[in-house]
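# Remarks on the overall topology
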Amino acid sequence: MLHAVIMAGGSGTRFWPASRSNRPKQFLPLFGDETLLQGTVRRIAGWIASDRTWVVTNQAHAAETGRELPAIPASNIVREPCGRNTAPCIGLAAMLIAQRDPNGVMLVMPADHRIEQANLFREAVERALAIVEREPALVLFGIRPNYPSVSFGYFERGAALPGGEKAFRVASFREKPDRAKAEEFVAAGRFFWNSGIFVWKASTILDALRQFEPDVFEGLARLRPHLGTGGWDHALAAEFPGIKSISIDYGVLERADNVMMIEAPFDWDDVGSWQALGRQSQTDGEGNAAQGLFCSVDSRDCIIRTTSDHLIATIGMSDCIVVHTPDATLVARKDDEESIRRLVQTLRERGYERFL
């Protein structure tokens, strides 16, 4: 049977300065009354039962996750004692699912994506499901890039697979590129953004971890005897922090030879960049996406975030980001994602992490 695994281990965010809050992004109602986490669950609620929906989150966010998602059984909210990146996170969920459903298939999704076309999303997942039921495949969803992003990883489409799923082998993976390389990828037409949404059998991903990341697999295996016992929480707190921290991309996908891709037929945004937030927000007649007090003269296509008691005024600005919070202000070009990433690293190096 198909199980949904929602990865919701995000840390605090400054994405929503008007809230004066460092709540994790998945708990923020960025596009209406519904939080990103609630929207992710709503997307699958009509076809994946709540008892087959799992949320992997940090221990500190487990209570809030339960309040956000009252229909999800408490036993399906998996509490990581600390963040160990996506390979241990996914492996932990796979182990729990395999115990309950040895033939279980996992649909793995981050909690902070926006996909409004639930019918097209389901259709794509069902195509992936047909592949993994037929062979031990790891299926990714590729997003055809519409601009040269330096914030996403890319993969290269390879040979077409037989069958009616319109799927392809993945020929290669490419890390987050600089702008020149990203422009080459877009021009080539065979490179796709890695959406971070996956379909595979729980047994298949566990076998892949055993093969490519035996230390991660052995760390998870030490937890297996405690599944369903009163000692689970203690064992998880004792063992999980010692598991190697590595992403599923580095640990498995870039090394396996059974990785397939389906081009996503649905509109998708990873709400992890300012450009994404701008695309998904309402704009004024000049294309400005503003929240909070804002006044402009001859300003176009800007993203503005401020509070209800602090005015941002712009003159002659275009394609810029202006963010005001109670203790920091950011002004940047909207399309210069690489420099924003460098700024974050510089702030960390200078000991200014409290402003991130």
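## Considering helix H1 (residues 36–44)
By the criterion of burial, H1 is predominantly enclosed, with 7 of the 9 residues buried. Buried within H1 are the following residues: Leu36, Leu37, Gly39, Thr40, Val41, Arg43 and Ile44. Lining the buried residues of H1 we find strand E1 (2–8), strand E2 (53–58), helix H2 (62–68), strand E4 (105–110), strand E5 (113–114) and helix H4 (118–134).

## Digging into the packing of aromatic side chains
In the structure shown here, the tally under the stated rule is 12 aromatic pairs. Relative to Trp200, the ring of Phe198 lies with its centre 4.9 Å away and its plane at 15°, an arrangement referred to as stacked. Like Phe198, the residue Trp200 is buried in the burial classification. If you follow Arg43 out to its NZ or CZ, it ends over the ring of Phe121, 5.6 Å from the centre. Over the ring of Phe168 we find Arg157, and its NZ or CZ is 5.1 Å from the ring centre.

## Some details on the layout of surface pockets
Here the second largest pocket defines a volume of roughly 340 Å³. What lines the second largest pocket is a set of 17 residues, among which Ser75, Ile77, Leu96, Trp232 and Asp233 lie closest to the centre. Mapped by element, the contributors of at least two residues to the lining of the second largest pocket are strand E3 (77–80), helix H3 (86–100) and helix H8 (232–239). Per element, the largest residue contribution to the lining of the second largest pocket is 4 residues, and it comes from H8. A class-by-class count of the residues in the lining of the second largest pocket yields 10 nonpolar, 4 polar and 3 charged.

## Re the pattern of salt bridges
Scanning the entire structure with this criterion turns up 19 salt bridges. The salt bridge involving Arg127 is made with Glu123; its shortest N-O contact spans 3.4 Å. Residue Arg127 and its partner Glu123 are located together in helix H4, separated by 4 residues, close to a single helical turn. Of the charged contacts in the structure, one is a salt bridge between Arg210 and Asp207, with a shortest N-O distance of 2.7 Å. Of this pair, Arg210 and Asp207 both sit in helix H6 (residues 202–212), separated by 3 residues, roughly a single helical turn. Classification of Asp207 as partly exposed rests on a relative accessible area of 40%. One connected set of salt bridges, linked through shared partners, spans Arg134, Glu135 and Glu165.

## What to know about the sheet that holds strand E12 (residues 289–291)
Strand order across the open sheet formed by 4 strands is E12-E14-E16-E17, with mixed pairing between neighbours. For this open sheet the edge positions go to E12 and strand E17 (328–333), each flanked by a neighbour on one side alone. Averaged over all pairs of adjacent strands, the angle between strand axes in this sheet comes to 5°, irrespective of strand direction. Bridge analysis of strand E14 (residues 303–305) against strand E16 (residues 320–325) gives 3 bridges, and the strand direction is parallel. Bridging from a neighbouring strand, Ile303 pairs with Ile321 of E16.

## Digging into the state of the cysteines
Under the definition given, this model contains 0 disulfides. Sulfur of Cys302: no disulfide; nearest cysteine sulfur belongs to Cys320 and is 5.0 Å away.

## Some points on the confidence of the model for the chain
Per-chain confidence: the chain averages 90 in pLDDT, with 93% of residues scoring 70 or above. Across the chain, element-level confidence peaks in H6 with a mean pLDDT of 98 and bottoms out in helix H10 (residues 274–280) with 66. Every residue in residues 11–21 is under pLDDT 50, and counting partners more than four places away or in other chains gives 39 contacts.

Thresholds applied
Residues numbered from 1 in each chain as written. Predicted model: local features only at pLDDT ≥ 70, side-chain atom pairs only at ≥ 80, totals over all residues. Heavy atoms only, no water. Buried < 20%, exposed > 50% of the residue type's maximum accessible area, 1.4 Å probe, protein only. Helix = DSSP H or I, 4+ residues; strand = E, 2+ residues; numbered from the N terminus. Contact = heavy atoms within 4.5 Å. Phe/Tyr/Trp six-rings, centres within 6.5 Å; stacked < 30°, edge-to-face > 60°. Lys NZ or Arg CZ within 6 Å of the ring centre and 35° of its normal. 1 Å grid on protein atoms, 1.4 Å probe; cavity = no way out; pocket = protein on both sides within 12 Å on 5 of 7 lines; lining within 4 Å. Points joined across faces, edges and corners; volume = space filled by probe spheres on them. Nonpolar A, V, L, I, M, F, W, Y, C, P; charged D, E, K, R; others polar. Salt bridge = Lys/Arg side-chain N within 4 Å of Asp/Glu carboxyl O. Pairing = 2+ DSSP bridges. Axes fitted to C-alpha atoms, helices over the stretch in contact; angles between N-to-C directions. Disulfide = S-S within 2.5 Å. pLDDT = per-residue confidence, 0-100.

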